[in-house]
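What the coordinates show
Listed below are the residues making up each chain.
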Amino acid sequence: MDMKNYCFFLWALLELIILTSCSSDDSITDVGSEITSRSSIIEFKSVDFDIDRYFDSIMDPDRWIQHNSFRDKMDALNLPEDILPLLSTEQLAEACAKHPMSIIFMAYDTHQKGAKVIINNFNGFSELAKRDNFQDALINEYISNFDTSAKLQAYNKEDKEKKFDCIKKYYLEAVFQTDFFMRDINQSEVSRLSNFIESKSLNDELSSEYNKANSLKVLNSLDNRLYNLNNLGLIYQFVQTPFGKNILVFQRSELSQEDIEDYDRRWQAVYPKAKLIASSTSSYNCHFYAWHGISSKKYWMNVKETYNGQTYYNIKNYTTEDGYTKLGSFGGVATVFGTDANYENEHSLLYYPTTGKCISKWGAGPLMEHTLQDMPYDLYYKEFYYKLSPNAPIRPEGADRVFQVGENITLHIQANIAPHLTYSAELLTGKGDDAVEDGKATMVYKGGESINITFHFQGVYDLTIVGKDSSGNIRQTFTYQPLVEI
């Protein structure tokens, strides 16, 4: 506890003592969010705990900005351990539904994965799981979110009506699809939730396709896949790796503009040190951005995808004998693929070592510039890859000077060589003649990363290295013009 919080604790405790000495009622209400010690609680028969006040105090901008990593942020938002058993099931459900980091549910390949991250890292959920029929309390939170009389403050200084808080709605729908929620759920709760979703989300003419798709997924989970997921608007497509392998991607229903604005604001509030590069969108994700890159066409790309009975290992298609090579050390931009400690969640990003910054797409959220620690992922295992450039001129190591006639030189291609390609080299004179056949130079190249050359005459030469695949197709071409003097 820092000095500021400690002083607040003493002040609150003193206030409680004064109140109890002046009142015959041994029940105290509105206990401050900073009171966490057992001794300040057990003296009273009941404690009122303001969930909003507690989270607001932690999310105070001056206080929140001090947290620099995913783990710091999640730990800071845990409820005081002494308070947990005193909260009602309804209070716990409210705390779980209002978790300030709930936005991270949308940063993962599926909303269920993101919801599980919050469930596994917030002690409110672990306490809630001990309560009988806790699903009913979560369903109440979901239903109350559709109160049409509720207004959310607009950021154009006017109030506007909203049918629901889209973030809370999608987040709770993700929770409903997890094993946590489905454990020991009774049929009456299933029917209650299913009927409400069908009456509200699916029959609302103003609901976006994205909204309806999320609601259908909940119904599938509740009713044992009663609804056809193939009707959720997924359009599959193939894109290619730098060397021609097929990558299975798909298009998803887009967020509404109102949802996008809400998402962007929440992300910037939760990650104030990160820089928003492009707004939230469900059209593409982190893997597509980091491995394929985006242009006019944007798609969602999973680590692996099954379509028509065939599984496509998308990331492995890039990293195994294709357009990327794994790095032990690097000096340029690296593509990073990481997983959490349990190998359940993956994330891809671009890392810029000279600045220590990263750029990555946060699921259906925004494209952000951030550090390796300050992002909605807790990656324990990270692999760095360098992108090979087909048909790109390079300057081999050792070639940054003028060479001398008779000098034996070794040029290194380094990480630009792809192990699955077969390489050959050609050395031409400035006139376009074969320098080796004409006796102008001697060259030894066995297709690896090193080329040994001795120039016998001065002049400008053209060195070309070609990489071909097993079918003889040229997949990579390196060119360089060495200058030789006497």
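Not measured: the values here are computed from a predicted model.

**Topic: the pairing of strand 14 (residues 367-370)**
Strand residues, when the strand is regular, have side chains that alternate between the two faces of the sheet. When strand 7 (residues 275-278) meets strand 14, the two strands line up antiparallel, connected through three bridges. Looking across to strand 14, one finds that lysine 275 is bridged to glutamate 369. Where strand 13 (residues 357-361) and strand 14 come together, four bridges link them in antiparallel fashion. By the bridge assignment for strand 14, cysteine 358 is matched with histidine 370. With antiparallel pairing between neighbouring strands as the criterion, strand 13 and strand 14 make up a hairpin whose turn holds five residues, including glycine 363 at a positive phi of roughly 60°.

**Topic: the nonpolar core**
Ranked by internal contacts, the top residues of the largest apolar core, which has 80 residues, are Ile104 and Tyr263. Counting residues per element, this core draws most heavily on helix 9 (residues 166-176), at eight residues. Core analysis: the second largest hydrophobic core is formed by 21 residues, Leu421, Tyr423, Ala441 and Ile465 among them.

**So, the sheet that holds strand 12 (residues 346-352)**
An order of 7-14-13-12-11-15-10 is seen for the seven strands of this open sheet, with the pairing classed as antiparallel. Both edges of this open sheet fall to strand 7 and strand 10 (324-326), since each of them pairs with a single strand only. If you compare each strand with its neighbour and ignore which way they point, the axes differ by 30° on average. Bridge count for strand 12 against strand 13 is three bridges, and the pairing is antiparallel. When the bridges of strand 13 are listed, tyrosine 352 appears paired with lysine 357.

**Quick word on the side chain of serine 102**
Positionally, serine 102 belongs in the loop between helix 5 (89-97) and helix 6 (111-121). For serine 102, a relative accessible area of 4% translates into the label buried. Residue contacts for serine 102: discarding those within four places in its chain leaves Ile118, Ile167, Tyr171 and Arg266.

**Describing the pattern of salt bridges**
Taken as a whole and judged by the stated rule, the model has 13 salt bridges. Between aspartate 378 and arginine 71 there is a salt bridge whose closest N-O contact spans 3.0 Å. Taken together, the positions of aspartate 378 in the loop between strand 14 and strand 15 (381-387) and arginine 71 in helix 4 (residues 70-76) put the pair 307 residues apart, joining distant regions of the chain. The exposure class assigned to arginine 71 is partly exposed, which follows from its relative accessible area of 27%.

**Thoughts on the sheet that holds strand 23 (residues 474-480)**
Reading across from one edge, 18-22-23 is the order of the three strands in this open sheet, with antiparallel pairing throughout. Edge positions in the sheet fall to strand 18 (422-428) and strand 23, since each has one partner strand and no second. Adjacent strand axes in the sheet meet at a mean angle of 15° when their direction is disregarded. Two strands pair when backbone bridges link them, and strand 18 and strand 22 (residues 462-468) are joined in this way by seven bridges, in the antiparallel orientation. Directly across from leucine 428, in strand 22, lies its bridge partner aspartate 462.

**Looking at the pairing of strand 5 (residues 235-240)**
Taken together, the six bridges between strand 5 and strand 6 (residues 246-251) define a ladder with antiparallel strand orientation. Within strand 6, the residue paired with glutamine 237 across the bridge is valine 249.

**Quick notes on the packing of aromatic side chains**
In total, this model carries 26 aromatic pairs according to the counting rule given. Residues tyrosine 54 and phenylalanine 55 carry aromatic rings whose centres are separated by 5.8 Å and whose planes lie at 55° to one another, so their mutual orientation is tilted. Among the residues examined, tyrosine 54 registers a relative accessible area of 7% and is labelled buried. Note on phenylalanine 55: relative accessible area 4%, which makes it buried.

**A closer look at the environment of glutamate 369**
Counting through the fold element by element, glutamate 369 comes out in strand 14. What makes glutamate 369 partly exposed here is its relative accessible area of 27%. Spatially, the C-alpha atom of glutamate 369 lies 4.4 Å from that of isoleucine 359, the residues being ten residues apart in sequence. Ignoring sequence-local partners within four residues, the contact set of glutamate 369 consists of Ala274, Lys275, Ile277, Lys357, Cys358 and Ile359.

**A closer look at the side chain of threonine 281**
On the secondary structure map, threonine 281 appears in the loop between strand 7 and helix 14 (286-292). Only 2.6 Å separates the side chain of threonine 281 from the side chain of glutamate 254, close enough to count as a polar contact. Residues in contact with threonine 281, not counting those within four places in the same chain, are Glu254, Leu255, Lys361, Gly363, Ala364 and Gly365.

Reading the values: rules and limits
- Residues numbered from 1 in each chain as written.
- Predicted model: local features only at pLDDT ≥ 70, side-chain atom pairs only at ≥ 80, totals over all residues.
- Heavy atoms only, no water.
- Pairing = 2+ DSSP bridges.
- Helix = DSSP H or I, 4+ residues; strand = E, 2+ residues; numbered from the N terminus.
- Core = buried A, V, L, I, M, F, W, Y, C linked by side-chain atoms within 4.5 Å.
- Buried < 20%, exposed > 50% of the residue type's maximum accessible area, 1.4 Å probe, protein only.
- Axes fitted to C-alpha atoms, helices over the stretch in contact; angles between N-to-C directions.
- Contact = heavy atoms within 4.5 Å.
- Salt bridge = Lys/Arg side-chain N within 4 Å of Asp/Glu carboxyl O.
- Phe/Tyr/Trp six-rings, centres within 6.5 Å; stacked < 30°, edge-to-face > 60°.
- Polar contact = N/O pair within 3.5 Å; in protein donor to acceptor, adjacent residues only side chain to side chain.

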